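Spelled out from the first residue to the last, the chains are:
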Amino acid sequence: MGEGRDIVLEIELHGAQQIKATRPDAILVFVRPPSREEQQRRLQGRGDPEHHVVERLRKAEDEERQGAEIADVVVINDDLERAVGEIEGIIRAARGLSR
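Keep in mind the model is a prediction, meaning the values are calculated, not measured.

J.: Please set out a nonpolar patch on the surface residue by residue, giving values where relevant.
T.: Together, Ile-7, Leu-9 and Ile-11 make up an exposed nonpolar region whose accessible area comes to about 280 Å². Tracing the sequence through the fold places Ile-7 in the segment before helix 1 (13-22). Judged by its relative accessible area of 51%, Ile-7 is exposed.

Written out as structure tokens, the structure reads:
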């Protein structure tokens, strides 16, 4: 990567594992919903088909455990503005450490 560039990727667990393997200096931020009920409400609210909602919720527990294990930081997305601000703070802090 070029010096002075931040790259933010929204990726699944497998992709995060690949990034960490190839870029050990990458900072992994795991963003999780505040609750399983809220996750279900959000999935349904965006119009996901019910079978997709059920499958996503089924996988969520294991993914959250694994995501929290490999992540450098976990952010709970209970309020979008707060979560974005927290992630921006993480990026600013990382810039301070690396530059």
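The rest of the description comes next.
J.: Summarise the packing of helix 2 (residues 36-45) against helix 3 (residues 50-70); cite the residues concerned and give the values.
T.: Between helix 2 and helix 3, whose axes approach to 10 Å, the crossing angle comes to 145°. Viewed along their axes, helix 2 and helix 3 form a crossing whose handedness is right-handed. Counted together, Arg-36, Gln-39, Gln-40, Leu-43 and Gln-44 of helix 2 and Glu-50, Val-53, Arg-56, Leu-57, Ala-60, Glu-61 and Glu-64 of helix 3 form the full contact between these two elements. A class-by-class count of the residues in the contact of helix 2 with helix 3 yields four nonpolar, three polar and five charged.

J.: Please give an account of the environment of Glu-12 that cites residues and values.
T.: Counting through the fold element by element, Glu-12 comes out in the segment before helix 1. When the C-alpha positions of Glu-12 and Glu-63 are compared, they lie 8.9 Å apart, and in sequence the two are 51 residues distant.

J.: Give a description of the pattern of salt bridges that names residues and reports values.
T.: Per the counting criterion, the structure on display carries 16 salt bridges. A salt bridge links Asp-48 to Arg-46, with the nearest nitrogen and oxygen atoms 3.1 Å apart. Its relative accessible area of 58% is what places Arg-46 among the exposed residues. Linking Lys-59 and Glu-63 is a salt bridge whose minimum nitrogen-to-oxygen distance equals 3.8 Å. Of this pair, Lys-59 and Glu-63 both sit in helix 3, separated by four residues, roughly a single helical turn. Overall, Lys-59 belongs to the partly exposed group, its relative accessible area being 39%. The exposure class of Glu-63 is buried, given its relative accessible area of 15%. Where salt bridges share partners, they join Arg-32, Arg-36, Glu-61 and Glu-64 into one cluster.

What counts and how
- Residues numbered from 1 in each chain as written.
- Predicted model: local features only at pLDDT ≥ 70, side-chain atom pairs only at ≥ 80, totals over all residues.
- Heavy atoms only, no water.
- Patch = residues over 30% accessible without salt bridge, like charges linked within 9 Å, V, L, I, M, F, W, Y side chains within 5 Å.
- Areas by Shrake-Rupley, 256 points an atom, 1.4 Å probe, with all protein chains shown as cover.
- Salt bridge = Lys/Arg side-chain N within 4 Å of Asp/Glu carboxyl O.
- Helix = DSSP H or I, 4+ residues; strand = E, 2+ residues; numbered from the N terminus.
- Buried < 20%, exposed > 50% of the residue type's maximum accessible area, 1.4 Å probe, protein only.
- Axes fitted to C-alpha atoms, helices over the stretch in contact; angles between N-to-C directions.
- Left-handed = near helix turned anticlockwise from the far one by under 90°.
- Contact = heavy atoms within 4.5 Å.
- Nonpolar A, V, L, I, M, F, W, Y, C, P; charged D, E, K, R; others polar.

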